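Fold and contact review
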Amino acid sequence: MTDRRFDVVVIGGGHAGCEAAAAAARMGARTLLLTHRRETIGAMSCNPAVGGIGKGHLVREIDALDGLMGRAADRAGIQFRVLNRSKGPAVRGPRAQADRKLYARAMQDLLAETPGLSIREGAAEGLAIDRAGRLAGVELASGETIACAAAVLTAGTFLRGVIHCGERQWPAGRAGDAPAVGLALALERLGLPLGRLKTGTPARLDGRTIDWAALEPQSGDDPPEPFSVLTGRITTPQLRCFITHTTPETHALIRANLHRAPIYSGQISGTGPRYCPSIEDKVVRFADRQRHQVFLEPEGLDDVTVYPNGLSTSLPEAVQEAMLRSIPGLERVGILRPGYAIEYDHVDPRALHRTLAVRSLPGLFLAGQVNGTTGYEEAGAQGLVAGINAALLAGGRLGPEGGSSGGFVPDRAESYIGVLVDDLVTQGVTEPYRMFTARAEYRLLLRADNADLRLTGRGATLGCVGAERQRFHAAKLAALDEARARAAAAGDAPEALARLGLFVNRDGRRRGVLELLGHPALDRGALLAAFPWLGALRPDVLAVLEAESLYAGYLARQEEDIRSYRQEEALGLPAELDYARVAGLSEEMRQRLARARPATLGAAGRVPGVTPAALTALLGHVRRGSRSRDPAANADAAA
């Protein structure tokens, strides 16, 4: 092994790897980021965008824990939009179209600024395991082994990756990069449950060959809203995107060539993402639709490349060209790189603890698409969790087996990150997992506007939040407390409010400003004119006040639901629990629970197919076991 030992080695320089390496280093761990090529660190392999519905919440939560993705997007963003702005704040999703080169540069700069983090080029081929069955290091293709206390594997789509374009196929982790075969074999030798998944990407177009005048422009928000609380304002020039649509001719071409599409010819065995389907899937699944929307998104300020969002495909290149030229504005389009599908290995995430530690190999953590997810944001969120917990394990603050005790395990009631991790390790995946706001039971509380209020304090306690963010957080909390107090004290009776242009039911009851902020029928301009100090508040503070006032009638009920949820989560299930000994469980329930190994009674209830009767039997078994281990309880029973 090398003379220098690292606390944590992170394998892979994608979005999960960047967040894992930075998080471990912020925690004080001596960290190595191992990547094939430095220049591909932070590369946006598919869509040049960050955020969206549900995904934007994850980016804000990563930022709240001092992660990098939001800051990189703010430095590289060339069009910012808050999606669902016409809907309630709980489902609004911040999104940024990014300049690919600027994003990768920003991510690399942020990593370079991180104390305690080293970066090295190299290919991981295997894992060194000591006599006690624990991870001891990472084996390189060069024959060298790097010693470490913990490792985070973020292999993306590289594990035995195969690219498909029509009838052609070749081994690759992504276009231009070799697959990781040795690592896949190493995981297979560990006995980890592996499966195959598929994802895809559209062709890249030459913007100089597009008829922009024939297309509908789409501008971003003015002013653009940053992701990170540390970003004062966006300074990168902003660009427009454009919208076009497929045509009946497009659909006819696709249907005539389905036998040449790998996902329909039987060439691909892996399951693709239901919520981000290829254009072939859209035409088949929505046969009655005459057209599908396509967003033409520039890939950079000084780059002619255009990303046609909505046209993911693996049809043969000649068919792709004909298909594209049947779309308005693209009649003479040139293709810079054809679209393709990629098939790759993933690990069943039910083989992990909620810390994202591998149950069967203490010291190894997995994050990103290797766990069956899709998307930069889901990968970054997992990388953050795995990096923090790897550093905790290396520092002796997490049990040697990597279980939940002492680890960073956000729950479903405090973050979308918690929803993501719990869904993965409890339910597993049957297709690439994507985050949506609908996956969260408590989404009125888990808003993008309050991610820092929910998580930054906890991050500071853990040690993963730096001094600069803590200062910003303290200032926001002080401003918010002052604004809440003033809003509670200010207000007036209906008659006085009417003279200010604010018309409410004339029942004589005084309305405070907090209640007025949540009144859907009141004119916002009149409200700000009546109470000018509201307009002088920090925009992020005003956004929180407005959301809390809008949902005031529901938040108390949701808080009560959370109390019930946490009571169930507080009842832990022993890691070694033998479900065959639980009386009243059917063989099917025993198999489902043994495969998922839920950490708590609440998690058991979220295992697909587990019945209320099975939960009752499980609860009784655990309570009987607790009493048998408690001498005081046994004495009471004897008395």
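Description of the structure in this document.

Parameters and conventions
Residues numbered from 1 in each chain as written. Predicted model: local features only at pLDDT ≥ 70, side-chain atom pairs only at ≥ 80, totals over all residues. Heavy atoms only, no water. Helix = DSSP H or I, 4+ residues; strand = E, 2+ residues; numbered from the N terminus. Rg over C-alpha atoms; globule rule 2.2 N^0.38 Å. Buried < 20%, exposed > 50% of the residue type's maximum accessible area, 1.4 Å probe, protein only. Contact = heavy atoms within 4.5 Å. Areas by Shrake-Rupley, 256 points an atom, 1.4 Å probe, with all protein chains shown as cover. Axes fitted to C-alpha atoms, helices over the stretch in contact; angles between N-to-C directions. Parallel < 35°, antiparallel > 145°, perpendicular 65-115°, else oblique. Nonpolar A, V, L, I, M, F, W, Y, C, P; charged D, E, K, R; others polar. Core = buried A, V, L, I, M, F, W, Y, C linked by side-chain atoms within 4.5 Å. Pairing = 2+ DSSP bridges. Polar contact = N/O pair within 3.5 Å; in protein donor to acceptor, adjacent residues only side chain to side chain. Salt bridge = Lys/Arg side-chain N within 4 Å of Asp/Glu carboxyl O.

Attention shifts here to the overall build of the protein. Along the backbone of the protein there are 23 helices and 22 strands. Here the C-alpha atoms of the protein give a radius of gyration of 26 Å, agreeing with the 26 Å that 2.2 N^0.38 yields for 639 residues. Overall size of the protein, expressed as C-alpha extent along the three principal axes, is 90 × 80 × 50 Å. The 639 residues of the protein split such that 57% are buried. In the protein, 72% of the contacts between residues at least 6 apart in sequence involve partners at least 24 apart. Element-wise, carbon and sulfur atoms account for 51% of the exposed surface of the protein, whose accessible area totals about 25,800 Å².

Here the focus is the packing of helix 10 (residues 376-394) against helix 11 (residues 416-427). Relative placement of two packed helices is described by the angle separating their axes and the distance separating the axes. At their nearest, the axes of helix 10 and helix 11 sit 10 Å apart, and the two run at 85 degrees to each other. With respect to helix 11, the element helix 10 is oriented roughly perpendicular. Residues Glu378, Ala381, Gln382, Leu384 and Val385 of helix 10 lie in contact with helix 11, whose contacting residues are Ile417, Leu420, Val421 and Leu424. By residue class, the composition of the contact of helix 10 with helix 11 is seven nonpolar, one polar and one charged.

With that out of the way, let us pick up the side chain of Ser326. Looking at the element boundaries, Ser326 is found in the loop between helix 9 (317-324) and strand 18 (335-337). Looking at Ser326, the relative accessible area reads 7%, which means it is buried.

This part is about the nonpolar core. If you look at the biggest cluster of nonpolar residues, it comprises 103 residues, and the most contacted ones within it are Tyr103, Leu111, Val138, Val152, Leu364, Phe365 and Ile388. Per-element accounting of this core gives the leading share, eleven residues, to helix 10. Excluding residues within four positions of it along the chain, Phe365 makes contact with Ala150, Ala151, Val152, Leu153, Thr355, Leu356, Ala357, Ala386, Asn389, Ala390, Leu393 and Leu398. Listed in part, the 22 residues of the second largest apolar core include Leu502, Val504, Val513 and Trp533.

Right, let's talk about the sheet that holds strand 12 (residues 194-201) for a bit. Strand order in the open sheet formed by four strands is 11-10-19-12, with antiparallel pairing between adjacent strands. Each having just a single partner strand, strand 11 (168-171) and strand 12 make up the two edges of the open sheet. Averaged over all pairs of adjacent strands, the angle between strand axes in this sheet comes to 25 degrees, irrespective of strand direction. Pairing of strand 12 with strand 19 (residues 340-347), which is carried by eight bridges, proceeds in the antiparallel orientation. By the bridge assignment, Leu197 is partnered in strand 19 with Tyr344.

Relative to the elements of secondary structure, Thr31 occurs in strand 2 (residues 31-35). Among the polar contacts listed, one links the side chain of Thr31 to the backbone nitrogen of Ala25, at a separation of 3.4 Å. Those residues within four positions of Thr31 in sequence are excluded, and the remaining contacts are Phe6, Val8, Val10, Ala21, Ala24, Ala25, Gly116, Leu117 and Ser118.

Side-chain pairs of opposite charge can arise whenever the charged atoms involved come near each other. Taken as a whole and assessed by the stated rule, the structure comprises 45 salt bridges. For Lys476, the salt bridge identified is with Asp540, shortest N-O distance 4.0 Å. Within this pair, whereas Lys476 is found in helix 13 (residues 467-489), its partner Asp540 is found in helix 18 (residues 539-550), the two being separated by 64 residues in sequence. Taking relative accessible area as the criterion, Asp540 reaches 25% and is therefore assigned partly exposed.

Further remarks concern the environment of Leu555. Among the structural elements, Leu555 can be located in helix 19 (residues 552-570). Owing to a relative accessible area of 14%, Leu555 belongs among the buried residues under this scheme. When the C-alpha positions of Leu555 and Leu445 are compared, they lie 7.1 Å apart, and in sequence the two are 110 residues distant.

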